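Single-letter residue listing:
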Amino acid sequence: MPKSSVSRRRFLESSLAVLGAASLAQLGKTIILADEPVKPLGFAFVGLGQFAMGQLLPGISRCKFCKPVALVSGHPDKAKAVADQYSIDPKNIYDYDNFDSIKNNPQIDVVYVVLPNSMHAEYTIRAFAAGKHVMCEKPMAVSVKECRQMLDAARTAGKRLQIGYRMHWDSATLACIDALRQGQIGPIQIIVAETGFAIGDPTQWRLNKKLAGGGCLMDIGIYSLSAARYLSGEEPTEVFAHTYQNTDDVHFKQVEQHCDFQLKFPSGVLASCVSSYSTNLNRYEVHGRGGHCVLQPGQAYEGATFYMDNGTGLRQVDVPAGDQFAGEMDGFARALAAVAPFKATGEEGLQDMRIIEAIYESARTARAVKI
Ligand code: NAD
């Protein structure tokens, strides 16, 4: 059987032709297509907090090529209840101390790290040492140095890393990127990306510099940054930034409350990005010479909404329904089976972290920083 998916498909088609079958499309419902993963990947979730419980575990239940097989938690009772809910063998419940013994569990193919940001590097590197592929939540880590260590660990293990950039599987976002690449609003001039929310509990890890690595930029501003990159299709060469934190407010003793940054791209596109932990913001705008596009919300779990005006007034563009969470996990499974390209790679996460470090440097020094 040929190795590449295209060759495999051609091989299967010619074999079917010999057997007198009309086409793969006609048979697709009754046979397993050669280019789809045959065995679902087993996922171990590390950290059973709000995002894992509220989005990722329900999301993997909708996957075609992935299933939950193990949990890693510091709370055995909670883990047992979650295992019951998702039909996970209780023998596959681990804690943070015996985590490394996952290497002896062949049911686990992928470890999904859903911990506070400063723990991402440690658990990703330990998962690679155990011989597993890794999905890791955003931000990839809290420094460029850690991102590089994670990529080195992946290379040493010969395994792959995907970052939880769910918007890379969002239908409206993908439709907007497609319209922009087709030139439907002409050459892009200006991007405005705004992300923020009013943060609650002042004792949570997101407001602890050591655990979070930073404030609103690390958590929610990274969406504006990522959007400026995927909407422009370019990499910024320079950044200028301001941060603000009212240290009299109990929430902002350690991390920034607002971060405002401008990115300069090689073609001349400028992106103006705002993020905040004390106001709700969720909108991206792309202005071209022949119109503009709006994604509002720009990055909600249920998907963005895409509007475009390319000369006939602003209208909502219909897009097929999507599923960011099943999409990103099945997308990783398909990429590992060599039938889809890898997206949201560790290199993507590293690039965002390089820019984030430049943003903080600019805010600290009140100077533009080259990237
Ligand atoms: P959370 O506080 O709800 O959960 C954190 C989990 O880590 C809990 O299970 C907690 O018990 C565990 N943990 C282990 N050690 C801890 C420690 N020292 N301090 C605090 N918690 C500890 O957080 P969350 O909202 O689930 O976020 C987890 C990760 O997921 C973060 O990296 C976050 O950026 C990311 N996230 C991504 C999205 C997205 O849309 N992609 C959305 C929310 C969160």
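Above: the structure in question.
A brief look at the structure comes next. On a predicted model such as this, the values are computed, not experimentally measured, just so you know.

### A few points about the overall build of the protein
- On a plain count of helices and strands, the protein comes out with 11 helices and 15 strands.
- The globule rule puts the C-alpha radius of gyration for 371 residues at 21 Å, and the 22 Å found for the protein is close to it.
- Taken over the C-alpha atoms alone, the protein extends approximately 70 × 55 × 35 Å along its principal axes.
- Buried residues in the protein amount to 51% of all 371 residues.
- Considering only intrachain contacts with a sequence separation of at least 6, the fraction spanning at least 24 residues in the protein is 68%.
- Total accessible area computed for the protein in this model is approximately 16800 Å², and 52% of it derives from carbon and sulfur atoms.

### Here we look at the pattern of salt bridges
- Considering all chains together, one arrives at 15 salt bridges under this definition.
- Arginine 155 serves as the salt-bridge partner of aspartate 152, at 2.8 Å between the closest nitrogen and oxygen. With aspartate 152 and arginine 155 both in helix α6 (residues 144-157), this residue pair falls 3 residues apart, about one helical turn.
- According to the relative accessible area criterion, aspartate 152 is partly exposed, its value standing at 41%.
- Aspartate 352 serves as the salt-bridge partner of arginine 229, at 2.7 Å between the closest nitrogen and oxygen. Within this pair, whereas arginine 229 is found in helix α9 (residues 216-232), its partner aspartate 352 is found in helix α11 (residues 346-365), the two being separated by 123 residues in sequence. Each member of the pair, arginine 229 as well as aspartate 352, carries the same accessibility label: buried.

### Thoughts on the site of the ligand
- Among the 23 residues in the neighbourhood of the ligand, the closest are listed as Gln50, Lys138, Arg166, Trp205 and Tyr223.
- Here an oxygen atom of the ligand sits 2.5 Å away from a polar atom, N or O, in the side chain of arginine 166.
- Separating an oxygen atom of the ligand from a side-chain N or O atom of arginine 206 is a distance of 2.9 Å.
- Protein contact buries 79% of the 840 Å² of open area that the ligand shows by itself.

### Some words on helix α10 (residues 324-336)
- Compared with the 18 Å implied by 1.5 Å per residue over 13 residues, the 18 Å span of α10 between its first and last C-alpha is a close match.
- With respect to burial, α10 is a largely interior element, 11 of its 13 residues being buried.
- Every buried residue belonging to α10 is among Gln324, Phe325, Ala326, Gly327, Glu328, Met329, Asp330, Gly331, Phe332, Ala333 and Ala335, and all of these are buried.
- N-cap assignment for α10: the residue whose side-chain oxygen lies 3.2 Å from the backbone N of phenylalanine 325 is aspartate 323.
- Phi turns positive one or two residues past the end of α10, at alanine 338, with a value near 65°.

### Structural notes on the state of the cysteines
- The tally for this structure, following the rule as stated, stands at 0 disulfides.
- In this structure cysteine 136 is not part of a disulfide, and its nearest cysteine sulfur, from cysteine 147, lies 8.6 Å away.
- Free cysteine: cysteine 176, not disulfide-bonded; nearest cysteine sulfur from cysteine 293 at 4.3 Å.

### Comments concerning the packing of aromatic side chains
- This structure, assessed with the given rule, holds 9 aromatic pairs.
- Pairing phenylalanine 197 with tyrosine 277 gives two aromatic rings, centres 5.4 Å apart and planes at 75°, and the pair type is edge-to-face. Of the two residues, phenylalanine 197 sits in strand β7 (residues 188-198) while tyrosine 277 sits in the loop between β10 (270-276) and β11 (278-288), which places them 80 residues apart along the sequence.
- Members of the aromatic cluster, connected to one another through ring pairs, are Phe43, Phe45 and Tyr112.
- Arginine 160 extends its terminal NZ or CZ atom over the ring of phenylalanine 342, reaching a point 3.6 Å from the ring centre.

### Description of the side chain of glutamate 328
- With respect to the element layout, glutamate 328 can be found in helix α10.
- Of the buried charged residues, glutamate 328 lacks a salt bridge, with arginine 166 as the closest side chain of opposite charge at 7.0 Å.
- Leaving out residues up to four positions away in the same chain, glutamate 328 has contacts with Leu56, Tyr112, Met135, Gln162, Gly164, Tyr165, Arg166 and Trp169.

### Some remarks on the environment of asparagine 246
- Within the secondary structure, asparagine 246 is located in the loop between β8 (238-244) and β9 (258-264).
- The exposure class of asparagine 246 is partly exposed, given its relative accessible area of 28%.
- Separated by 71 residues in sequence, asparagine 246 and alanine 175 place their C-alpha atoms 39 Å apart.
- Here the side chain of asparagine 246 touches aspartate 248 through a polar contact of 3.0 Å, landing on its backbone nitrogen.

### So, the sheet that holds strand β5 (residues 133-136)
- Strand order in the open sheet formed by 6 strands is β3-β2-β1-β4-β5-β6, with parallel pairing between adjacent strands. Of all strands in the sheet, those bounded by a partner on one side alone are β3 (93-94) and β6 (161-163).
- Note: β5 against β6, 3 bridges, orientation parallel. Across the sheet, the residue bridging to cysteine 136 is isoleucine 163, located in β6.
- The strands that helix α5 (residues 120-129) touches are β1 (41-46), β4 (110-113), β5 and β6; relative to β5, the one it contacts most, it runs at about 165°.
- Across the face of the sheet, α10 comes into contact with β1, β2 (66-72), β4, β5 and β6 while running at roughly 150° to β5.

### A closer look at the side chain of histidine 133
- On the secondary structure map, histidine 133 appears in strand β5.
- Within the structure, the side chain of histidine 133 is placed 3.0 Å from the backbone nitrogen of arginine 160, a separation counted as a polar contact.
- If we ignore the near neighbours within four places in the chain, the residues touching histidine 133 are Asp109, Val110, Val111, Phe128, Lys159, Arg160, Phe332 and Leu336.

Rules of the game
Residues numbered from 1 in each chain as written. Predicted model: local features only at pLDDT ≥ 70, side-chain atom pairs only at ≥ 80, totals over all residues. Heavy atoms only, no water. Helix = DSSP H or I, 4+ residues; strand = E, 2+ residues; numbered from the N terminus. Rg over C-alpha atoms; globule rule 2.2 N^0.38 Å. Buried < 20%, exposed > 50% of the residue type's maximum accessible area, 1.4 Å probe, protein only. Contact = heavy atoms within 4.5 Å. Areas by Shrake-Rupley, 256 points an atom, 1.4 Å probe, with all protein chains shown as cover. Salt bridge = Lys/Arg side-chain N within 4 Å of Asp/Glu carboxyl O. Near = heavy atom within 4 Å. Polar contact = N/O pair within 3.5 Å; in protein donor to acceptor, adjacent residues only side chain to side chain. Expected span 1.5 Å × (residues − 1). Disulfide = S-S within 2.5 Å. Phe/Tyr/Trp six-rings, centres within 6.5 Å; stacked < 30°, edge-to-face > 60°. Lys NZ or Arg CZ within 6 Å of the ring centre and 35° of its normal. Lys, Arg positive; Asp, Glu negative; His and termini not counted. Pairing = 2+ DSSP bridges. Axes fitted to C-alpha atoms, helices over the stretch in contact; angles between N-to-C directions.

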